[in-house]
Amino acid sequence: MQLEFRADLHIHTCLSPCAELSMTPLGIVERAASLGLHLIAVSDHNSAENVTAAYNLASGREISLIPGLEITSLEDVHILALFGNVESAMEMQSVVYENLQPGENDEESCGMQVIVNEHNEVMGFNRKLLIGSTFLSLGKLVELIHGLGGIAIASHVDREGYGIIGQLGFIPGDLAIDAVEFSPGVGPEEARLHYSAYSHIPWVFSSDAHRIEDIGKKYTRLLMKNPSFEELRLALRGTGGRKIIC
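Note that the structure is a prediction, hence the values are computed from the model and not measured.

About the criteria used
- Residues numbered from 1 in each chain as written.
- Predicted model: local features only at pLDDT ≥ 70, side-chain atom pairs only at ≥ 80, totals over all residues.
- Heavy atoms only, no water.
- Pairing = 2+ DSSP bridges.
- Helix = DSSP H or I, 4+ residues; strand = E, 2+ residues; numbered from the N terminus.
- Axes fitted to C-alpha atoms, helices over the stretch in contact; angles between N-to-C directions.
- Buried < 20%, exposed > 50% of the residue type's maximum accessible area, 1.4 Å probe, protein only.
- Contact = heavy atoms within 4.5 Å.
- Core = buried A, V, L, I, M, F, W, Y, C linked by side-chain atoms within 4.5 Å.
- Phe/Tyr/Trp six-rings, centres within 6.5 Å; stacked < 30°, edge-to-face > 60°.
- Lys NZ or Arg CZ within 6 Å of the ring centre and 35° of its normal.

Asks: Tell me about the sheet that holds strand 2 (residues 39-45), and name the residues and values.
Replies: The strand order 9-8-7-4-3-2-1-10-11 describes an open sheet built from nine strands, whose pairing is mixed. Whereas interior strands pair on both sides, the edge strands pair on one side only; in this sheet they are strand 9 (203-205) and strand 11 (243-245). Taken pair by pair, the neighbouring strands of this sheet meet at an average axis angle of 30 degrees, ignoring direction. Where strand 7 (residues 151-154) meets strand 8 (residues 179-182), two bridges bridge the pair, whose relative direction is parallel. Across the sheet, the residue bridging to Ala154 is Val180, located in strand 8.

Put into structure tokens, the structure is as follows:
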């Protein structure tokens, strides 16, 4: 039997320099649980260093958390990389770190990149240029995500900056992404009006939250057996009655 679940698959923690400092793993999990979300994903820019804390916090609540990253390709396109376990997300992080373009974060102009534990304690600061791009091409990036058993989603495809259509002008037909994501301001009707050329690719809607109050402002409704990574994968494929409800 399939049930309806609400999923917000794009949430940044305070590790992302553009996110508010209140976006700690504890703050995010508590807010998402209070809103009745069933499935969330933590997906910081080019890093997964706050994923473990968030995952551990969600494990003790009636909410499931998917470990992820939002990776910037060589073409300056954002791709959500979602995984079924923390280990795969950390392995992806290692590859990303090896391929990050050089530079150091400027806290004054970009913001702090804060590593926080389950108790809201600051464990350190990431000095890498996480807001920058990697040397990984789109095709290679999707291949690596799939090689680790992950799901690759093109982020906020309706946005000019860092969206695949805004950067390339189109979505390559041979790019094996699992879904496209729309920004919080775009609903299913507007998406169908302007992006019907890509209706053959599954669509998801997320908050891309950088502030506590934005979590869950947009979410995807899914018919699945339970709120989990594997069920999400099956829903994106439309397997066994599982599906996205638009």
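Asks: Please give an account of the environment of Ile115 that cites residues and values.
Replies: Inspection of the secondary structure assignment puts Ile115 in strand 5 (residues 114-116). Accessibility expressed as a relative area gives 16% for Ile115, which makes it buried. Note: C-alpha distance between Ile115 and Val51 (64 residues apart in sequence) is 9.8 Å. Residues in contact with Ile115, not counting those within four places in the same chain, are Leu15, Glu49, Asn50, Glu121, Val122, Met123, Gly124, Phe125 and Asn126.

Asks: Summarise the side chain of Ser133; cite the residues concerned and give the values.
Replies: Relative to the assigned elements, Ser133 resides in the loop between strand 6 (122-125) and helix 5 (138-147). The class of Ser133 is buried, set by a relative accessible area of 10%. Among residues more than four places away in sequence, those in contact with Ser133 are Thr72, Ser73, Asp76, Leu100 and Gln101.

Asks: I'd like a rundown of the nonpolar core, residues and numbers included.
Replies: Core analysis: the largest hydrophobic core is formed by 57 residues, its most contacted members being Ile164, Val180, Phe182 and Ile215. Beyond its immediate chain neighbours, meaning those up to four positions away, Val180 contacts Ile153, Ala154, Val157, Ile171, Ile201, Pro202, Trp203 and Val204. In this structure, Met224, Leu232, Ala235 and Leu236 belong to the second largest nonpolar core, which totals 19 residues.

Asks: With reference to specific residues and values, describe the packing of aromatic side chains.
Replies: Under the criterion given, the structure shown has three aromatic pairs. Consider the rings of Phe182 and Trp203, whose centres lie 5.1 Å apart with planes at 75 degrees: the pair is edge-to-face. With Phe182 in strand 8 and Trp203 in strand 9, the pair connects residues that are 21 residues apart, well separated along the chain. Owing to a relative accessible area of 1%, Phe182 belongs among the buried residues under this scheme. Residue classification places Trp203 among the buried positions, given a relative accessible area of 9%. Taken together, the ring pairs connect Phe182, Tyr195, Trp203 and Phe205 into an aromatic cluster. Over the ring of Tyr97 we find Lys128, and its NZ or CZ is 4.7 Å from the ring centre.

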